[in-house]
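# Reading the structure
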Amino acid sequence: MAQKQALAEPSDPASPATASPAAASPAAARVVPPLDPAYLERPRIASDVRVHRPSEEGQPWIIQRGTAGYFRVQPDLARLVQALDGTRDHRALVDLLGAPWTTADVAKALHTLAGARVLDDGAERPKRDRRLRFVPPLTVQFTVLRPERLLSRMSPLLARLANRGVAVAALVCALGGLLALALMAPALTAALGAPLPLAAYAGILGGVLATTAVHEFSHGALLTYYGGRPSRMGVMLFYLSPAFFCDVSDGWRLGRREQRVRVALAGIAAQAVVAGVAALSCLFLSASTLREAVLVFALASYVSGLVNLLPLVKLDGYIALMSHLDLPHLRDRSMTDGRRFLSRLLFGGRYVRELPELRWSVPYGLACLAFPLYLIGSAVALWAGLLQRIGEFGAAAVCAVLCYVGYRLWRGARRLVREARAAGAPLWRVALAGTLAAALVAAALLLVSVPYRLSGGYVTGSDGRVELVLPTSADLGAVRAGEPVALYRAGVMTRSRSGSATVQDPHATSTTAPISAFTPVSGDLLSLPASGVRLRVDAAPADRTGAAVLDTGRRTLAIWCYDTYLAPVWRW
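As named in an unreviewed UniProt entry, the protein chain is Daptide biosynthesis intramembrane metalloprotease, taken from Streptacidiphilus alkalitolerans.

Printed below as a string of structure tokens:
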């Protein structure tokens, strides 16, 4: 389970000549309704806008709008915003600000500030941001807690913990835990490859949730220690995967970039300490289900921390990298460079790079463009089977997600073409490249063949007969006599081959199967409806239940996609 900081990235500093708080920031520009001219004659800032002085000499000023809008500006523009109290017209503002401001500069700056929703437009601003937010392309956030007051009360404790001794102890725990896992590698391997009781999973889940809370509070606590204010914490679906977040956007008011880096990495550090303590405790536990559960929890916590270091999506690692380089919108601007590289390669034309000072912005941007597709594909592969077992609604939900992914890809392709045309790419080359791309996709769908397998489980009856059990949404028409079935002992993260069989009678019957046949849970506390197929066992497994995979041969990619994701909608 990932943890993510919700961070509103500010724009870069602007000069009086540009007079724009959104300069050089592709993500900061927004299309908004024009402001009533009456509000521009004697402008005032909106009620939810604050101007923050730099904490150190040479740092930019920060304009904050609500809890999610931050703009980095130069002192002259900050002085203009501070002067907008509704009593001065443009001439009076120029007299107050002095050179180099002119009435034309003021008018231009006010127009830009209005577009950034910094000015009062007469509309009532919400006192608090809404709890539920959708963040494109595929993130839904729900605010659970606003921790500012709680963490402010904890400031004395935070000050006592912020010392070198605590840091050294934390490092020893984190590294010592890794050494403990290495020493207990055989026990760890066995724990990952064996089913666990439901109570063990409940304990692991509880530990993960508690560690996640510590992770998020660590972000907020360090931000509070440095003088910032975390605005909200909550849960979310991050590319279809459950995750947690802490909004540390106020960290942009911190004057030193190393402080922002530490805030970004505080959660991972706290998570590594918890994982290390758990792993070290296993050295003193005897072989038991408890030790297995704690080993799994420790490894899962370490892996989660490593995943959060990835800078390809807006996880902790990206925020740390962006803060270290002090380049807001690093990912968006790198993806623009990557997209323009593709446009030049496919369509021709002339392009201007967003980040010419970074030699690696193009490969980094291309990786950032591709990685969300990997995340979505992994999430669909993980959740599709479970959702399809729910019924028509779950199968339809999988199709809806895939349709949305297709829509996002279509939008991305259109944007690529628009940029190419704006850069002077000839229409014939755009049409040729589009035709070749469509032909390649069609050829892949029609000519590439992939294995088509049905995943389920097996159950050994009291008479010794082994039966393949498949979800009721499975493609039973693909089951044929003599087809091979691989039997596995499945664990929480790995599985091992435990036997083999072939289909004896392809005619399925309605039955029920223990949950241990479909999930790596030991015990038969719950039974699920299933379709049973009689097997002829070639190598008998040692366990009474386990996972099974039926190999039905190969199919073209188009037919595989249809049978895997579309057909289950009406198979019910």
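Here the narrative resumes, following the displayed structure.
In this structure, Phe238, Tyr239, Val313, Tyr318, Leu330, Tyr364 and Ile376 are the most contacted members of the largest nonpolar core, which totals 32 residues. Elements with a contribution of two residues or more to this core: strand 8 (232–238), strand 9 (241–247), helix 10 (257–281), helix 12 (316–325), helix 13 (330–347), helix 14 (361–390) and helix 15 (392–422). When residues in this core are grouped by element, the largest group, 6 residues, is from helix 14.

Taken in spatial order, the 6 strands of this closed barrel run 10-11-15-13-12-16, and their pairing is antiparallel. With strand direction ignored, the average angle separating the axes of adjacent strands in the sheet is 45 degrees. Here strand 11 (residues 466–470) runs beside strand 15 (residues 527–539); their pairing, made up of 4 bridges, is antiparallel. Considered in strand 15, the bridge of Leu470 is made with Ser531.

The next thing to look at is the pattern of salt bridges. Using the criterion set out here, one finds 16 salt bridges in the structure. The closest approach of N and O atoms between Asp337 and Arg353, which form a salt bridge, is 3.9 Å. Taken together, the positions of Asp337 in helix 13 and Arg353 in the loop between helix 13 and helix 14 put the pair 16 residues apart, joining distant regions of the chain. Assessed through its relative accessible area of 2%, Asp337 is described here as buried. Using a relative accessible area of 36% as the deciding quantity, one classes Arg353 as partly exposed. Here Glu354 ties to Arg340 by a salt bridge, and the two come within 3.9 Å at their closest N and O atoms. Note that Glu354 is positioned in the loop between helix 13 and helix 14 and Arg340 in helix 13, a separation of 14 residues in sequence. The partly exposed category is assigned to Glu354, whose relative accessible area is 25%. Here the salt bridges do not stand alone but share partners, grouping Arg72, Arg260 and Asp326 into one network.

Glancing now at the sheet that holds strand 2 (residues 49–52). Taking strand neighbours across the sheet as the criterion, the 3 strands line up as 2-3-4 in an open arrangement whose pairing is antiparallel. Edge positions in the sheet fall to strand 2 and strand 4 (69–73), since each of these pairs with one other strand and no more. Taken over all neighbouring pairs, the strand axes of this sheet differ in orientation by 20 degrees on average, direction set aside. With 4 bridges joining them, strand 2 and strand 3 (residues 61–65) adopt antiparallel strand pairing. For Val49, the partnering residue across the bridge sits in strand 3 and is Arg65. Relative to strand 3, helix 2 (residues 75–82) is tilted by about 40 degrees, and along the sheet it contacts strand 2, strand 3 and strand 4.

The rules we used
- All residue numbers refer to position in the chain's written sequence, counted from 1.
- Reporting in this predicted model follows two pLDDT cut-offs: at least 70 for local features of residues, and 80 or more for side-chain atom pairs to be given and counted; totals over whole chains, interfaces and linings ignore these cut-offs and use all residues.
- Each side-chain value is derived from all of the structure's non-hydrogen atoms; neither hydrogens nor water enter the calculation.
- Residues belong to one nonpolar core when they are buried, are Ala, Val, Leu, Ile, Met, Phe, Trp, Tyr or Cys, and are joined through side-chain atoms within 4.5 Å.
- Exposed residues in this analysis have more than 50% of their type's maximum accessible area, buried residues have under 20%, and partly exposed residues fall in between, with area computed by a 1.4 Å probe over protein chains only.
- In this text, helices come from DSSP runs of H or I with a minimum length of four residues, and strands from runs of E with a minimum of two, each type numbered from the N-terminal end.
- In this description, strands pair whenever DSSP reports at least two bridges between them.
- Only C-alpha atoms enter the line fits that serve as axes; for helices the fit covers just the stretch in contact. Angles between N-to-C directions range over 0 to 180 degrees.
- The term salt bridge refers to a pairing of a side-chain nitrogen on Lys or Arg with a carboxyl oxygen on Asp or Glu at a separation within 4 Å.
- Between two residues, a contact is recorded if the distance between any of their heavy atoms is within 4.5 Å.

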